[in-house]
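Fold and geometry: a report
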Protein chains: 2
Amino acid sequence: MNNLAKICLATAATVVALGVSAQQNLSWDKAQLASPVVNSNRTVTFHVKAPEARKIQLVGDLVQGTAELKKDTAGIWSFTTPELKPELYTYNIILDGTKVLDPLNVYTVRDISSLFNMVLVPGEQADLYRVANVPHGTVSKIWYNSPTSGLNRRLTVYTPAGYETGKQKYPVLYLLHGIGGDENAWSELGRAVQILDNLIAAGKAKPMIVVMTNGNISQEAAPGETSNGFVAPTMLLPKTMEGSFETAFPDVVRFIERTYRVKADKANRAIAGLSMGGFHSLYISINHPDTFDYVGLFSAAVDKKQGVSDIYDNRDGKVEQLFAKNPKLFWIGIGKDDFLYNANKDFRGYLDAHHHAYTYYESDGGHIWRNWRVYLSKFLPLLFK
Amino acid sequence: MNNLAKICLATAATVVALGVSAQQNLSWDKAQLASPVVNSNRTVTFHVKAPEARKIQLVGDLVQGTAELKKDTAGIWSFTTPELKPELYTYNIILDGTKVLDPLNVYTVRDISSLFNMVLVPGEQADLYRVANVPHGTVSKIWYNSPTSGLNRRLTVYTPAGYETGKQKYPVLYLLHGIGGDENAWSELGRAVQILDNLIAAGKAKPMIVVMTNGNISQEAAPGETSNGFVAPTMLLPKTMEGSFETAFPDVVRFIERTYRVKADKANRAIAGLSMGGFHSLYISINHPDTFDYVGLFSAAVDKKQGVSDIYDNRDGKVEQLFAKNPKLFWIGIGKDDFLYNANKDFRGYLDAHHHAYTYYESDGGHIWRNWRVYLSKFLPLLFK
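**With respect to helix α5 (residues 244-259) of chain B**
Each α-helix winds once per 3.6 residues, and so residues spaced three or four apart point in a common direction. Residues and elements named next belong to chain B. With 16 residues, α5 extends 23 Å between its outermost C-alpha atoms, agreeing within 8% with the 22 Å of an ideal straight helix rising 1.5 Å per residue. Residues of α5 that are buried include every one of Phe245, Glu246, Ala248, Phe249, Asp251, Val252, Val253, Phe255, Ile256 and Thr259, and no others. If you follow the buried residues of α5, they end up packed against β11 (138-146), β12 (151-159), β13 (172-176), β14 (209-212), β15 (269-274) and α6 (276-287).

In C-alpha cells:
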C-alpha cells in the first residue's frame, strides 16, 4: 500500500485514536446505518445504535409529544414517522432520559441555547429551503464599526449571484431576528439564503442584498464569535428593546451603503423582522419615514411603549407620518395561535380605522420559525417592484 | 405583563412545546448547570444531568482513553481533567454506551462524518485560536464557475479587516484541506480565521486574502451545501488525487484575481495545504513554477505518482524547474509520529542532495489538526515579505 492510499486509512485511524467510532460513521461499510432516512412516501425513519440503552425516544416538531424507538436484537433502535407534510423539521433524541442529538445526523441548528438535528421532507414550500442547483448568492460574515454603540459588530450579508463579477447596483432588505437570536438566525434557522437563491432563480424575487443584523446591541456578534469565548448562549441580554438598537441602526445603513453597490434611496430599501425584530422594524421605519418603502412585520411586537426611549414615544403620530409618505408595502404576517395575535389585531384595527393600506397574511400556528420562513417567502416577491 | 415581556416567556414556552428542555439550557436559573467549565487552574470540568443513566464517559484529545464521570445524588454526573496545556480540544460524551455530544455545550465542529464538542483552554499557542478583541476580517462563502470541472463550486474566502472600505491590493494565500475535508475545514477545524485575525493584528503576518478551496473536484460544496441535500458526509469521494483538482485549479486563481483586489503576481501568491492538500499544493506549484513564490506542505503526501495524470509525471524534473525559479519560501512541516514522516524525510533528502533551500518545522505528534493549526501559524508570518 502506498502513502496516498494510507492517507485515507491513517486519517480514519487518527479519528479512532481520538475516541471516535469512525467505523460506524464513515462510509467504509456499504450497509452502514443512516439516520434520518427520508423515505419516498414522505415518512422518515430514525436509527440509533445503542445496544446498552434501556429507552430511546424522539422529540421534535415531526411527532406529537414523544415517540418511542424500538430495539432489535442487534441493539439498533428505530422509529418511522407517519407520512409528513413537506417541511424542515427539527428534533432531538432522548437516550435513557437525557436529551441529546441523533448520533448519526451531522446536520444541526442552534436555537438560542439548544441544538437540534434537522431533517427536510422535500416538496411544496419546503423546496424553497433546499439548496437547489441554481446560481448561489454569497454569504459573508462582515464586521462594521458602530460609533453609536461604541462597538465593532458583525453582520451576515447576502449578495445575490453575480454581484461580485457585475457592476449593477442592488436594492437592500434589512432582515431582523427575534429575542435570543443573532446575526446567524435568519441564515440558519430561517433558511434565508436558500429562500433567496431559489426565489431569485425562479424570477419570483428581485435580486437584492439582504443584511442580517445582530439586534442585541450589547453584543458584538453571535455567541462564540466574540472575545467572550465559548459562553453558553442566553436570551436574557441587556438593551434589546429599550431603543438602543434602533438608535444605532443608521450606523448599519451607512456602512452598507458605502461598502456595497446599492441603490441608496427609499424605493430600494426594505426592513423586516420577526417578533422583537418586527418591533425593531416598526420603530425604525416610523422614526425614519423617508428611508424605507417596504416594511415587514412577522409575528411582531407592535405595542406602544411610552417613557422608555424617544424611539418609542408617540407611536401613532409616527405611524401617521410614515403613511403620509405612501410606503409601497406595509406587510403584516401572524399565526392564528400566536400570543401576539391580538396585539396585531388591535394594530390592524388602528390602521383600518385610519384607512392605511397594508397587506395581511394570516397563517396557522404560533410564534415559530416554520411560520417565519413562510412569511419571508411571501414577503420577498413583493419587494422592489 | 405586557406583550414585550411575554415575548421572552412565550419564546421559551414555544421551545418547551417543541420538546426542548429550555429550563435547563436557558439562563433563567442563576445556578444553572454549565458544561464545560474551564477553571482558572487550566483544568476543565464537565457536567451532564442524567439521573436515569447508568454510565457516562468522556472521550477526546484531553483525556487518555476514556474518563468516567461520577454521579451525585441529584443525578448530575461530573468529571474534572488534570491541568491541561493551552489548546483547542475536542471531545464526546458516551452515555450508556452510545457516543453523543455534551448536552450542555452548543459549540461543535464536524470532522468528516463526526461531530465533536469544542473546548478551548486559553494561553500560549491556543490564544491564536480565540476570537480576540482585534479588527476582524470578513469570511465569505462564495461560488465560482469552474469551466474545467464543469461545475459551480463554493469557496471560503477570508479578506482582511479593512478590505471592504479600502483601496489597496492584497497578496493571496490558497489554503487547501486534506482528504475528507471541504471548503469549511480550515475555517472551522483549523481556526484559520482567528489565527489570521490575531497574527495580522499583532503585526506578525501581512494582511492577505486567504482562499480556502474544496479539493474534492466531484463535489460542488461541503456536505449539506449542495443539491444533494443533507447526505451523510464521506471521505471516499471520487477524483480526489488523480489530477483533476490540480488541472482545474487555474479556474480558482482566475476567479479570485478578477473578483478581488489582489496583487496578481508570483511574489504575492502562496499555496499551502495539509495531507492531500499538501500533495495538491506540491503538484500545483511544480506544474506552475512561475505562479507561486511561497509553498507550504503540512504533513503532506509528497510521493511520486506515475501514470495517473500528466500532473504527477516527472515529479523530480518539475521540482527542478520550480527551484530554478528561486521561490522565496518552500516550507515543510511534519510531526515525528506522522505516517508520512518517512516520505517527507525522503523528499527532504532529495531536496538536500540537490541543494534546494527549504524551511523545515518538525513537531511532536501525528496527522492531526492540532499540528496543522500550529503549522499555519508558523507559515503565515513568513509570507509576502
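**As for the sheet that holds strand β1 (residues 37-38) of chain A**
All names here are of chain A. Taken in spatial order, the four strands make up an open sheet running β1-β2-β6-β5, and their pairing is antiparallel. Only two strands of the sheet have a single neighbouring strand rather than two, namely β1 and β5 (70-71). With five bridges joining them, strand β2 (residues 44-49) and strand β6 (residues 76-80) adopt antiparallel strand pairing. Following the sheet pairing, His47 is matched in β6 by Ser78.

**Describing the sheet that holds strand β1 (residues 37-38) of chain B**
Residues and elements named next belong to chain B. Taken in spatial order, the four strands make up an open sheet running β1-β2-β6-β5, and their pairing is antiparallel. Single-partner strands in this sheet number two, and they are β1 and β5 (70-71). Here two bridges tie β1 to strand β2 (residues 44-49), and the two strands are oriented antiparallel to one another. If you follow Val37 over to β2, its bridge partner there is Thr45.

**A closer look at the packing of aromatic side chains**
Following the criterion strictly, the structure yields 48 aromatic pairs over all chains and no others. Ring centres of Tyr163(B) and Tyr260(B) lie 6.0 Å apart, and the angle between their planes is 55°; this geometry places the pair in the tilted category. Here Tyr163(B) is found in the loop between β12 and β13, whereas its partner Tyr260(B) is found in the loop between α5 and β15, with 97 residues between them in sequence. Ring geometry for Tyr361(B) against Tyr375(B): centres 6.0 Å apart, planes inclined by 75°, an arrangement best described as edge-to-face. Of this pair, Tyr361(B) sits in strand β18 (residues 359-363) while Tyr375(B) sits in helix α9 (residues 369-379), and the two are 14 residues apart along the sequence. On the accessibility criterion, Tyr361(B) (26% relative accessible area) is partly exposed. An aromatic cluster is built from Trp186(A), Phe298(A), Trp331(A), Tyr361(A), Trp369(A), Trp372(A), Tyr375(A) and Phe379(A), whose rings are joined through pairwise contacts. Its guanidinium or amino end placed over the ring of Tyr163(A), Arg261(A) lies 4.4 Å from that ring's centre, counting from NZ or CZ. Across the ring face of Tyr350(A), the terminal group of Arg315(A) is positioned such that the distance to the ring centre comes to 6.0 Å.

**Comments concerning the relation of the copies chain B and chain A**
Mapping chain B onto chain A calls for a screw motion: a turn of 180° about the axis and a shift of 0.0 Å along it, with 0.0 Å RMSD after fitting. In the structure described here, the two chain copies are related by an operation that fits a two-fold rotation axis. Closest to the rotation axis within chain B is the C-alpha of Ser140(B), separated from it by 2.0 Å. Interface overlap between copies is the fraction of interface residues in one copy that are interface residues in the other; for chain B against chain A it reaches 100%, indicating a shared surface.

**Observations regarding the pattern of salt bridges**
All names here are of chain B. For the coordinates displayed, the defined rule picks out 32 salt bridges over all chains. Taking the shortest distance from any N to any O, the salt bridge between Arg110 and Asp182 comes out at 2.8 Å. Here Arg110, found in strand β9 (residues 108-111), pairs with Asp182, found in the loop between β13 and α3 (185-188); they are 72 residues apart in sequence, far enough to count as distant. For the pair shown, Arg110 and Asp182 are each scored as buried. For Asp127, the salt bridge goes to Arg130, with nearest N and O atoms at 3.7 Å. For Asp127, a relative accessible area of 34% corresponds to the partly exposed category. A relative accessible area of 34% means that Arg130 is categorised as partly exposed.

**Structural notes on the packing of helix α4 (residues 192-201) of chain B against α9(B)**
Residue and element names in this part refer to chain B. Packing of α4 against α9 leaves a shortest axis separation of 10 Å and a crossing angle of 30°. Viewed along their axes, α4 and α9 adopt a mutual orientation that is roughly parallel. For the crossing formed where α4 meets α9, the hand is right-handed. Across from Ala192, Ile195 and Leu199 in α4, the residues of α9 making contact are Arg373, Leu376 and Ser377.

**So, the side chain of Asp111(B)**
Residue and element names in this part refer to chain B. Summarising the element assignment, Asp111 is placed in strand β9. Of the buried charged residues, Asp111 lacks a salt bridge, with Arg110 as the closest side chain of opposite charge at 7.1 Å. For Asp111, the contacting residues outside a window of four places in its chain are Phe116, Leu189 and Trp369.

**Some details on the pairing of strand β6 (residues 76-80) of chain B**
All names here are of chain B. In this sheet, β6 lies alongside β5 in antiparallel orientation, the contact comprising two bridges. Bridged to Lys71 within β6 is Trp77. Where β5 folds back on β6, the antiparallel hairpin that results is connected by four residues, among which Gly75 adopts a positive phi of roughly 85°.

**Comments concerning the nonpolar core**
If you look at the biggest cluster of nonpolar residues, it comprises 90 residues, and the most contacted ones within it are Leu173(A), Phe298(A), Leu173(B) and Phe298(B). Every residue in contact with Phe298(B), bar those within four places of it in the chain, is listed here: Leu175(B), Trp186(B), Ala272(B), Gly273(B), Leu274(B), Ser275(B), Trp331(B), Gly333(B), Trp372(B), Tyr375(B), Leu376(B) and Phe379(B).

**A word on the interface of chain B and chain A**
Across the boundary between the two partners, chain B contributes 89 residues, which contact 89 residues of chain A. Put simply, chain B and chain A have zero salt bridges between them. The interface formed by chain B and chain A contains 11 residue pairs in polar contact (both at pLDDT 80 or more). The element contributing the most residues to the side of chain B that touches chain A is helix α1 (residues 3-17) of chain B, with eight residues. Across the side of chain B that touches chain A, the residue classes break down as 45 nonpolar, 27 polar and 17 charged.

**Focus: the confidence of the model for chain A**
Summarising the model, chain A shows a mean pLDDT of 93, and 92% of its residues fall at 70 or more. Every residue in residues 12-30 of chain A scores below 50 in pLDDT, and together they form 41 contacts with partners more than four places removed in sequence or on other chains.

**Describing the side chain of Arg191(B)**
On the secondary structure map, Arg191(B) appears in the loop between α3 and α4. For the buried residue Arg191(B), which engages in no salt bridge, the nearest side chain bearing the opposite charge is Glu225(A), 6.3 Å off. The residues contacting Arg191(B), other than those within four sequence positions of it, are Phe230(A), Leu88(B), Tyr129(B), Val131(B), Trp186(B) and Arg373(B).

**Concerning unusual backbone geometry**
Residue and element names in this part refer to chain A. In this chain, Ser35 is followed by Pro36 through a cis amide linkage whose omega measures -5°. Structurally, Pro36 can be placed in the loop between α2 (22-25) and β1. Residues other than glycine seldom take positive phi values, yet His355 does so here, at roughly 60°. Note that His355 resides in the loop between α8 (341-353) and β18 (359-363).

**Remarks on the packing of α5(B) against α6(B)**
Residues and elements named next belong to chain B. It is at 10 Å that the axes of α5 and α6 come closest, and there the two elements cross at 65°. α5 and α6 meet at a crossing whose hand is right-handed. Between α5 and α6, the contacting residues are Phe245, Glu246 and Phe249 on the first element and Phe279, His280, Tyr283 and Ile284 on the second. Residue composition of the contact of α5 with α6, grouped by class: five nonpolar, one polar and one charged.

**What about the environment of Ser309(A)?**
All names here are of chain A. Relative to the elements of secondary structure, Ser309 occurs in the loop between β16 (294-298) and α7 (315-324). Placed 68 residues apart in sequence, Ser309 and Ser377 show a C-alpha to C-alpha distance of 33 Å. Residues in contact with Ser309, not counting those within four places in the same chain, are Glu242 and Gly243.

Cut-offs used in this document
- Residues numbered from 1 in each chain as written.
- Chains lettered and ligands numbered in written order.
- Predicted model: local features only at pLDDT ≥ 70, side-chain atom pairs only at ≥ 80, totals over all residues.
- Heavy atoms only, no water.
- Helix = DSSP H or I, 4+ residues; strand = E, 2+ residues; numbered from the N terminus.
- Expected span 1.5 Å × (residues − 1).
- Buried < 20%, exposed > 50% of the residue type's maximum accessible area, 1.4 Å probe, protein only.
- Contact = heavy atoms within 4.5 Å.
- Pairing = 2+ DSSP bridges.
- Phe/Tyr/Trp six-rings, centres within 6.5 Å; stacked < 30°, edge-to-face > 60°.
- Lys NZ or Arg CZ within 6 Å of the ring centre and 35° of its normal.
- Least-squares fit on C-alpha atoms with pLDDT ≥ 70 in both.
- Salt bridge = Lys/Arg side-chain N within 4 Å of Asp/Glu carboxyl O.
- Axes fitted to C-alpha atoms, helices over the stretch in contact; angles between N-to-C directions.
- Parallel < 35°, antiparallel > 145°, perpendicular 65-115°, else oblique.
- Left-handed = near helix turned anticlockwise from the far one by under 90°.
- Lys, Arg positive; Asp, Glu negative; His and termini not counted.
- Core = buried A, V, L, I, M, F, W, Y, C linked by side-chain atoms within 4.5 Å.
- Polar contact = N/O pair within 3.5 Å; in protein donor to acceptor, adjacent residues only side chain to side chain.
- Nonpolar A, V, L, I, M, F, W, Y, C, P; charged D, E, K, R; others polar.
- pLDDT = per-residue confidence, 0-100.

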